[in-house]
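# Structure at a glance
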Amino acid sequence: MKTEARRLSTAEERRETVLRTAIGAFAARGYFGTTTGEVAKAAGISQAYVYRLFPNKEALFTAVVEHCFVRVRAALERGAAEARGSSPEAVLDSMGDAYARLISDNDLMLVQLHAQAAAVSEPAVREAVRTGYARTVEYVRGASGGGEEQIQQFFAVGMLCHLLVSIDAEAVDAPWTRTLTAGITHY
């Protein structure tokens, strides 16, 4: 009887597993409320192994933030590729739709919100968020061909989407929610 050799995961595969697991942990409790022990337990590895992959919680969280920006970029690229025209408006609308679909994954949206909150007092997180937005803004500008005001509006509506989803505004039928949700699609 032939036996197959057990395939061991590489450090990079484990790193990806920890990042995916950490997204859920940080989404649930934020940067300040999540421990590396909780991430390790959820990933099914020891806390020591988490520290072998990431020197500290700050490095783990900034890697999670960077991973989320990579996912945002991929969604925006899909949106740009699926645009029904080449005008800045058509491309931005399609990218906005792709982003709205992406943040229907509440964990990703929550990590973004927690990262923005932690950026206020944590310099490394602030730098990761700045770098992520800088790259994203430049991608959106280049892919859409939009002007400054269009790009600013695109990101402003994205931030409004975060607010609307986080407070479940569509569940409240009131004049203020109708004002804020008018013309905005959520999935």
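Structural notes, computed from the coordinates.

## Focus: the overall build of the chain
- For the chain, the count of helices and strands is nine helices and zero strands.
- Secondary structure elements of the chain occur, N-terminal to C-terminal, as α-α-α-α-α-α-α-α-α.
- With the principal axes as the frame, the chain shows a C-alpha extent of 60 × 40 × 35 Å.
- Long-range contacts, defined as pairs at least 24 residues apart, comprise 64% of the intrachain contacts of the chain with a sequence gap of at least 6.
- Accessible surface computed for the chain: about 10,600 Å², of which carbon and sulfur atoms make up 53%.
- Considering the chain, the positive charge centre built from 20 side chains and the negative charge centre built from 22 side chains are found 9 Å apart.

## Observations concerning helix H7 (residues 123–144)
- Along its 22 residues, H7 runs 31 Å from first to last C-alpha, staying within 8% of the 32 Å computed at 1.5 Å per residue.
- Those residues of H7 that fall on the buried side of the exposure criterion are Val125, Ala128, Val129, Gly132, Thr136, Tyr139, Val140 and Ser144. Projected onto a plane normal to the axis of H7, the buried residues spread over an arc of 105 degrees and lie on a single side. Among the exposed residues of H7, those oriented more than 90 degrees off its buried face are Pro123, Arg130, Arg135 and Gly142.
- Where H7 is buried, its residues meet helix H4 (57–81), helix H5 (88–102), helix H6 (106–119) and helix H8 (148–166).
- Two residues or fewer after H7 comes glycine 145, characterised by a positive phi angle close to 70 degrees.

## Overview of the side chain of histidine 67
- Examined against the element boundaries, histidine 67 turns out to sit in helix H4.
- You can call histidine 67 buried: its relative accessible area is 18%.
- Excluding residues within four positions of it along the chain, histidine 67 makes contact with Glu16, Leu19 and Ile23.

## Considering the environment of valine 50
- Topologically, valine 50 is positioned in helix H3 (residues 47–53).
- Excluding residues within four positions of it along the chain, valine 50 makes contact with Thr36, Ala40, Ile45 and Leu60.

## A short note on unusual backbone geometry
- A positive phi angle, near 50 degrees, is found at aspartate 168, a position not held by glycine.
- Following the sequence through the fold, aspartate 168 ends up in the loop between H8 and helix H9 (175–181).
- Owing to a relative accessible area of 46%, aspartate 168 belongs among the partly exposed residues under this scheme.

## A look at the packing of H5 against H8
- Relative orientation of the contacting elements H5 and H8 amounts to 20 degrees, with a least axis distance of 11 Å. In terms of orientation, H5 and H8 fall into the roughly parallel class. The two elements H5 and H8 cross, and the hand of that crossing is right-handed. Touching Pro88, Glu89, Leu92, Met95, Gly96 and Tyr99 of H5 are Gln150, Ile151, Phe154, Gly158 and His162, all from H8.
- For the contact of H5 with H8, the per-class residue count stands at six nonpolar, four polar and one charged.

## Some points on the packing of aromatic side chains
- Scanning the entire structure with this criterion turns up six aromatic pairs.
- Seen from their ring centres, tyrosine 133 and phenylalanine 155 are 6.3 Å apart, and the 65 degrees between their planes marks the pair as edge-to-face. Of this pair, tyrosine 133 sits in helix H7 while phenylalanine 155 sits in helix H8, placing them 22 residues apart in sequence.
- Between phenylalanine 154 and phenylalanine 155, the ring centres sit 5.4 Å apart and the planes meet at 80 degrees, which makes this aromatic pair edge-to-face.
- Overall, phenylalanine 154 belongs to the buried group, its relative accessible area being 14%.
- Using a relative accessible area of 16% as the deciding quantity, one classes phenylalanine 155 as buried.
- Pairwise contacts between aromatic rings join Phe26, Tyr31, Phe32 and Phe61 into one cluster.
- The ring of tyrosine 49 has arginine 14 lying over it, and the distance from NZ or CZ to the ring centre is 5.9 Å.
- When the ring centre of tyrosine 31 is taken as reference, the NZ or CZ atom of lysine 57 above it lies at 4.8 Å.

Rules of the game
- Residues numbered from 1 in each chain as written.
- Predicted model: local features only at pLDDT ≥ 70, side-chain atom pairs only at ≥ 80, totals over all residues.
- Heavy atoms only, no water.
- Helix = DSSP H or I, 4+ residues; strand = E, 2+ residues; numbered from the N terminus.
- Contact = heavy atoms within 4.5 Å.
- Areas by Shrake-Rupley, 256 points an atom, 1.4 Å probe, with all protein chains shown as cover.
- Lys, Arg positive; Asp, Glu negative; His and termini not counted.
- Charge placed at Lys NZ, Arg CZ, Asp CG, Glu CD.
- Expected span 1.5 Å × (residues − 1).
- Buried < 20%, exposed > 50% of the residue type's maximum accessible area, 1.4 Å probe, protein only.
- Arc of directions from axis to C-beta.
- Axes fitted to C-alpha atoms, helices over the stretch in contact; angles between N-to-C directions.
- Parallel < 35°, antiparallel > 145°, perpendicular 65-115°, else oblique.
- Left-handed = near helix turned anticlockwise from the far one by under 90°.
- Nonpolar A, V, L, I, M, F, W, Y, C, P; charged D, E, K, R; others polar.
- Phe/Tyr/Trp six-rings, centres within 6.5 Å; stacked < 30°, edge-to-face > 60°.
- Lys NZ or Arg CZ within 6 Å of the ring centre and 35° of its normal.

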